[in-house]
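What follows is the residue order along each chain.
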Amino acid sequence: MATPPYLRSPCGLVKRLKISPPKSILPHQVYQRRQNSYQSRQSWHTDKSVQLGFEKENSVDWDDFMSGAADEARGITLPLREPQFPPQLQEEIDDVRLPRAVQATYLRPLKRTPQYGHPSCDLQLRSFSTRSVEFFADFALRAAYYLSLPAKGPVPLPRITERWTVPRSNFVHKKSQENFERITLRRLIQIQDGHPETVQIWLGFLQKYAYYGIGMKANIWEYSGLDVGKEMDEKAESIKEKVKPRWEMFGRRKDLAGGRDVEDMINADVFKGASGRYAPLGMPKGM
């Protein structure tokens, strides 16, 4: 097939283009370049080290030179890296202790021992990533420790596996289907012997600093004494005093009637006229 006119000049240029082959580099040139780069750096060798060198003018075979250099280098160990600081200063730096809060991040989270073992809150963490759910569970346990809440966990719960089969296309391509799978990982943290207000503070703190890709579900238990009915009556009385001013704003005001009786209001001409008694087909006036 003939070449289009707009491609003839580039094709001709490619035909006339000559690419020169890569230049070959001799082994001694490679060694000389590496030797120059090593000498430009900081010298690490001592008097026992072997000074390797190769001159192009010397009539020494490359293989003989490398074998002889290897024999001379056997049994020589490189010195250790010299410390960057004086010995006294290095000892002081090694004796510096990190803060306890920083050291705690490298250890397992601390937990408090419950006294009675009554559950106060069950927090369930859900995520699609193992790394995310483990990280946030560790964060929740550390927050519970600093709030003096005895915590247990994290307890791995069974995974939730969901699968879907969706056709990729319709009509005649319906047999071409695609499968999807979603696995939800869960961890359970239980708070025992915790005060309800402290548990609410703990949950609010976790919600404020929630990690991305983490879902939370909490079940809270509250305990009260046997005289719960008496406590409810006392709370109702205290609430009644607060709600009473607002209840007075509802309903009909008593000063709107003006001292008149309901019967007088019904027999008034204004009321009768508004109700349609004076209409042509209305009721007689005396009735």
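See above for the structure.
We now turn to the structure provided with this report. Given the structure is predicted, the values throughout are model-derived calculations rather than measurements.

**Details of the packing of aromatic side chains**
Ring pairs (aromatic) are described by centroid distance and by the angle formed between their planes.
Turning to step 1, where the next piece is worked out: This model, assessed by the stated rule, comprises 6 aromatic pairs.
Turning to step 2, where the next piece is worked out: Their ring planes at 35 degrees and their centres at 5.8 Å tell us that Phe-136 and Phe-139 sit as a pair that is tilted. Note that Phe-136 and Phe-139 are positioned in helix α6 (residues 130–146) at a spacing of 3 residues, about one turn of the helix.
Turning to step 3, where the next piece is worked out: Residue Phe-136 is classed as buried on the basis of its relative accessible area of 1%.
Turning to step 4, where the next piece is worked out: Taking relative accessible area as the criterion, Phe-139 reaches 26% and is therefore assigned partly exposed.
Turning to step 5, where the next piece is worked out: By the ring-pair criterion, three or more aromatic residues cluster together here, those being Phe-136, Phe-139, Phe-205 and Tyr-209.

**Quick notes on unusual backbone geometry**
Turning to step 1, where the next piece is worked out: Backbone torsion omega between Gly-153 and Pro-154 reads 0 degrees, so that peptide bond is classified as cis.
Turning to step 2, where the next piece is worked out: Mapping Pro-154 onto the fold places it in strand β2 (residues 151–167).
Turning to step 3, where the next piece is worked out: Even without being a glycine, Phe-171 presents a positive backbone phi close to 60 degrees.
Turning to step 4, where the next piece is worked out: On the secondary structure map, Phe-171 appears in the loop between β2 and β3 (177–192).
Turning to step 5, where the next piece is worked out: The backbone phi angle of Asp-193 is positive, close to 55 degrees, even though this residue is not glycine.
Turning to step 6, where the next piece is worked out: By secondary structure assignment, the location of Asp-193 is in the loop between β3 and α7 (196–208).
Turning to step 7, where the next piece is worked out: Relative accessible area serves as the criterion here: at 26%, Asp-193 is assigned to the partly exposed category.

**Observations concerning the pattern of salt bridges**
Turning to step 1, where the next piece is worked out: Scanning the model with the defined rule gives 5 salt bridges in all.
Turning to step 2, where the next piece is worked out: In this structure, Glu-178 engages Arg-168 in a salt bridge whose closest nitrogen and oxygen atoms are separated by 3.8 Å. Residue Glu-178 is found in strand β3, and its partner Arg-168 is found in the loop between β2 and β3; the two are separated by 10 residues along the sequence.
Turning to step 3, where the next piece is worked out: For Glu-178, a relative accessible area of 32% translates into the label partly exposed.

**Thoughts on the sheet that holds β2**
Turning to step 1, where the next piece is worked out: Strand order in this open sheet of 4 strands is β2-β3-β1-β4, and the pairing throughout is antiparallel. Each end of this open sheet is capped by a strand with a single partner; those strands are β2 and β4 (215–220). Across the sheet, the mean angle separating the axes of adjacent strands is 20 degrees when strand polarity is ignored.
Turning to step 2, where the next piece is worked out: In terms of strand pairing, strand β1 (residues 119–127) meets β3 through 8 bridges, oriented antiparallel. Across the sheet, Leu-125 pairs through a bridge with Arg-187, a residue of β3.
Turning to step 3, where the next piece is worked out: Against the sheet, α6 contacts β1, β2, β3 and β4, and its axis sits at roughly 15 degrees relative to β3.
Turning to step 4, where the next piece is worked out: Each of β1, β3 and β4 is contacted by α7, which is oriented at about 15 degrees to β1, the strand it contacts most.

**Topic: the side chain of Ser-132**
Turning to step 1, where the next piece is worked out: For Ser-132, the position within the fold is in helix α6.
Turning to step 2, where the next piece is worked out: Of the residues examined, Ser-132 reaches a relative accessible area of 10% and is grouped as buried.
Turning to step 3, where the next piece is worked out: Residue contacts for Ser-132: discarding those within four places in its chain leaves Ser-127, Tyr-211 and Ile-214.

About the cut-offs
Residues numbered from 1 in each chain as written. Predicted model: local features only at pLDDT ≥ 70, side-chain atom pairs only at ≥ 80, totals over all residues. Heavy atoms only, no water. Phe/Tyr/Trp six-rings, centres within 6.5 Å; stacked < 30°, edge-to-face > 60°. Helix = DSSP H or I, 4+ residues; strand = E, 2+ residues; numbered from the N terminus. Buried < 20%, exposed > 50% of the residue type's maximum accessible area, 1.4 Å probe, protein only. Salt bridge = Lys/Arg side-chain N within 4 Å of Asp/Glu carboxyl O. Pairing = 2+ DSSP bridges. Axes fitted to C-alpha atoms, helices over the stretch in contact; angles between N-to-C directions. Contact = heavy atoms within 4.5 Å.

In short, geometric facts, not functional conclusions.
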